[in-house]
Amino acid sequence: MDCACVVINPFRLCSALRVLGSFMVLLFLAIVALSYYAVVVVAWGPRLFHSFPLPLLASSIIVIFHLLLALLIWSYFMVVFRDPGAVPANWRPFLDEESPERTASAMLADFVAPETRASASSSLEGLERRPNINYCARCQNGKPPRCHHCSVCQRCVLKMDHHCVWVVNCVGAHNYKFFLLFLLYTFLETVLDTFVLLPSFINFFGDARRHSSSPGNLAVTFLAFVLNLAFALSLLCFVVMHTSLVLSNTTTIEVYEKKKAVAWKYDIGKRKNFEQVFGAKKLFWFLPLFSAEDLEKIPALQGLDFPTRSDVEP
Ligand SMILES: [Zn+2]
Ligand SMILES: [Zn+2]
């Protein structure tokens, strides 16, 4: 189960974006509450008590609505609270003198073992001298491959994708999967809401004229339909874009770099690229969790070490 690398990441205190970020969380919760009221309370809840077969359709819609809602809220808070991935103190890259049999997880254990801290620290000077090893002057630490310094979080983030205002957090190696699931489930929920609110929206002007519904319910239905339609259309673009990025093993930050490259060194085949984000266990693919086995066996999920194509120059 989701036992390794559980690091709570409280809301950032480091920039003015924090205020905007907290506002975005409230806005997200307000849109969820509005949609819930429009779909369950106003539109489909009362139809549970109509004559057959309407209750069958209404109960199916309400069950699917709650299922998607639970999954999207779970994914959302996993992105918000999960640390995207910090560079271990005194991080050093895989050095030539180390045994080639050592695995990435063994290296990771070294980073946190107190007895190795001293030797790791002494190697930092050497690390700065090595021309092909990235170093972050602001964090005063080495930079693993695909790691970037986030100016909002004011620290380096492993396999950084982007800083997301909606989740008040960076999206990186440890929470990218949760971000993608949040996108997917929110997209599906907004598409469902748009379709099930469409009959109410079509009847909106007739109901307003006949005063057959309260002005408050009419306003909520109208607003929920328009918002869900707008989000469904814009999320569709993000879902398509991130599907293409996952299958080609590229982060949002790396898109420009990839365009310049003849062949992308991290692209090791669609299935393997997918597993580097979602893990190999199918049971966990659609849940915001990782199996302990995946975390151990897939170094990319730790964010420090990534397999590359043998036919592409590093
Ligand atoms: Zn940094
Ligand atoms: Zn950030």
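Residues numbered from 1 in each chain as written. Chains lettered and ligands numbered in written order. Predicted model: local features only at pLDDT ≥ 70, side-chain atom pairs only at ≥ 80, totals over all residues. Heavy atoms only, no water.

Trainee: Which residues make up the overall build of the protein, and what values go with them?
Mentor: When helices and strands are tallied, the protein shows eleven helices and six strands. Considering only residue pairs separated by 6 or more positions, the protein has 66% of its internal contacts joining residues 24 or more positions apart. Carbon together with sulfur atoms contributes 67% to the accessible area of the protein, which is approximately 16400 Å² in total. (Helix = DSSP H or I, 4+ residues; strand = E, 2+ residues; numbered from the N terminus. Contact = heavy atoms within 4.5 Å. Areas by Shrake-Rupley, 256 points an atom, 1.4 Å probe, with all protein chains shown as cover.)

Trainee: Explain unusual backbone geometry to me, using residue names and the numbers behind them.
Mentor: In the segment running from Phe 52 into Pro 53, the intervening peptide bond is cis, with an omega of 10 degrees. Inspection of the secondary structure puts Pro 53 in the loop between helix H1 (17–44) and helix H2 (54–81). Positive phi is not limited to glycine here, since Arg 146 has a value of about 70 degrees. Structurally, the position occupied by Arg 146 is in the loop between strand S2 (141–142) and strand S3 (148–150). Although it is not a glycine, Lys 159 adopts a positive phi angle of roughly 40 degrees.

Trainee: Just give me the short version of the coordination of the zinc ion (ligand 1), but keep the residues and values in it.
Mentor: For a metal with four tetrahedral donors the ideal donor-metal-donor angle is 109.5 degrees, whereas six octahedral donors ideally subtend 90 or 180 degrees. Those donors, Cys 136 (SG), Cys 139 (SG), His 149 (ND1) and Cys 156 (SG), are the protein atoms that reach the zinc ion (ligand 1), and they lie 2.1 to 2.3 Å from it. Taken together, the four donor atoms surrounding the zinc ion (ligand 1) define angles of 102 to 123 degrees at the centre, an arrangement classified as tetrahedral. Each donor residue of the zinc ion (ligand 1) lies on one chain, and together they are spaced C-x2-C-x9-H-x6-C. Looking at Cys 136, the relative accessible area reads 5%, which means it is buried. (Donors = N, O, S within 2.8 Å, 3.2 Å for Na, K, Ca; no water. Tetrahedral: all angles 85-135°; square planar, octahedral: opposite > 155°, others 65-115°. Buried < 20%, exposed > 50% of the residue type's maximum accessible area, 1.4 Å probe, protein only.)

Trainee: I'd love a proper account of the environment of Leu 218, names of residues and values included.
Mentor: Note on placement: Leu 218 falls in helix H8 (residues 215–247). Between the C-alpha atom of Leu 218 and that of Phe 201, which follows or precedes it by 17 residues, the distance is 8.8 Å.

Trainee: Any chance you could break down the coordination of the zinc ion (ligand 2) for me, citing the residues and the numbers?
Mentor: Around the zinc ion (ligand 2), the protein supplies Cys 150 (SG), Cys 153 (SG), His 163 (ND1) and Cys 170 (SG) as donor atoms, at distances of 2.1 to 2.3 Å. For the zinc ion (ligand 2), the four donor atoms in the first shell make angles of 104 to 115 degrees at the metal, a pattern classed as tetrahedral. Expressed as a motif, the donor residue spacing for the zinc ion (ligand 2) is C-x2-C-x9-H-x6-C. A residue pair is termed long-range when its members are at least 10 positions apart, and Cys 150 in strand S3 and Cys 170 in strand S6 (residues 169–171) qualify at 20 residues. Residue Cys 150 is classed as buried on the basis of its relative accessible area of 2%.

Trainee: Can you tell me about H8, naming the residues and giving the values?
Mentor: The terminal C-alpha atoms of H8, which comprises 33 residues, lie 47 Å apart, in line with the 48 Å expected from a rise of 1.5 Å per residue. Where H8 is concerned, the buried positions are Leu 218, Val 220, Thr 221, Ala 224, Phe 225, Asn 228, Ala 232, Leu 235, Val 239, His 242, Leu 245 and Val 246. Of the residues trailing H8, Asn 249 is marked for its positive phi of about 55 degrees. (Expected span 1.5 Å × (residues − 1).)

Trainee: Which residues make up the UniProt feature "transmembrane region" (unreviewed entry) in the protein, and what values do they have?
Mentor: When the UniProt feature table is mapped to this numbering, "transmembrane region" (unreviewed entry) covers residues 20–44, 56–77, 178–206 and 218–241. End C-alpha atoms of residues 56–77 are separated by 32 Å, and the span's content is 100% helix alongside 0% strand. (UniProt positions renumbered as here; feature names shortened; annotations may be inferred.)

Trainee: Could you give an account of the pattern of salt bridges, naming the residues involved and the relevant values?
Mentor: This model, assessed by the stated rule, comprises five salt bridges. Residue Lys 281 pairs with Glu 293 through a salt bridge whose shortest N-O separation is 2.8 Å. Of this pair, Lys 281 sits in the loop between helix H10 (270–278) and helix H11 (292–297) while Glu 293 sits in helix H11, and the two are twelve residues apart along the sequence. Here Glu 293 falls in the partly exposed class, since its relative accessible area comes to 37%. One network of salt bridges, with partners in common, ties together Lys 281, Glu 293 and Lys 297. (Salt bridge = Lys/Arg side-chain N within 4 Å of Asp/Glu carboxyl O.)

Trainee: With reference to specific residues and values, describe the packing of aromatic side chains.
Mentor: What the rule picks out here adds up to 14 aromatic pairs. One residue, Arg 47, lies across the ring of Trp 44, its end atom 4.4 Å from the ring centre. Sitting over the face of the ring of Phe 290, Lys 177 holds its NZ or CZ atom 4.7 Å from the ring centroid. (Phe/Tyr/Trp six-rings, centres within 6.5 Å; stacked < 30°, edge-to-face > 60°. Lys NZ or Arg CZ within 6 Å of the ring centre and 35° of its normal.)

Trainee: A description of the environment of Leu 26 should follow, citing residues and the corresponding values.
Mentor: Topologically, Leu 26 is positioned in helix H1. Note on Leu 26: relative accessible area 58%, which makes it exposed. For the pair Leu 26 and Trp 166, spaced 140 residues apart in the sequence, the C-alpha separation amounts to 9.8 Å.

Trainee: Give a description of a nonpolar patch on the surface that names residues and reports values.
Mentor: Residues Leu 20, Phe 23 and Leu 27 make up a contiguous nonpolar surface patch of roughly 250 Å² in combined accessible area. Checked against the element boundaries, Phe 23 lands in helix H1. (Patch = residues over 30% accessible without salt bridge, like charges linked within 9 Å, V, L, I, M, F, W, Y side chains within 5 Å.)

Trainee: Tell me about the nonpolar core, and name the residues and values.
Mentor: Ranked by size, the top nonpolar core spans 56 residues in total, and within it Trp 44, Tyr 176, Phe 179 and Phe 278 carry the most contacts. Looking at this core, the elements that each hand over two or more residues are H1, H2, helix H6 (176–202), H8 and H10. Core analysis: the next-biggest nonpolar cluster, separate from the first, contains eight residues, Cys 136, Cys 156, Ala 173 and Leu 304 among them. (Core = buried A, V, L, I, M, F, W, Y, C linked by side-chain atoms within 4.5 Å.)

Trainee: Please provide a residue-by-residue account of H6, values included.
Mentor: The α-helix winds at 3.6 residues per turn, so residues separated by three or four positions along the chain end up facing the same way. Here H6 spans 38 Å end to end across 27 residues, near enough to the 39 Å set by a 1.5 Å rise per residue. At Val 196, H6 shows its maximal bend, which comes to roughly 35 degrees, and the proline Pro 199 appears one to four places after that position. When you tally the buried positions in H6, you get 19 out of 27 residues, the bulk of the element. (Bend = angle between axes of the 7 residues up to and from the residue.)

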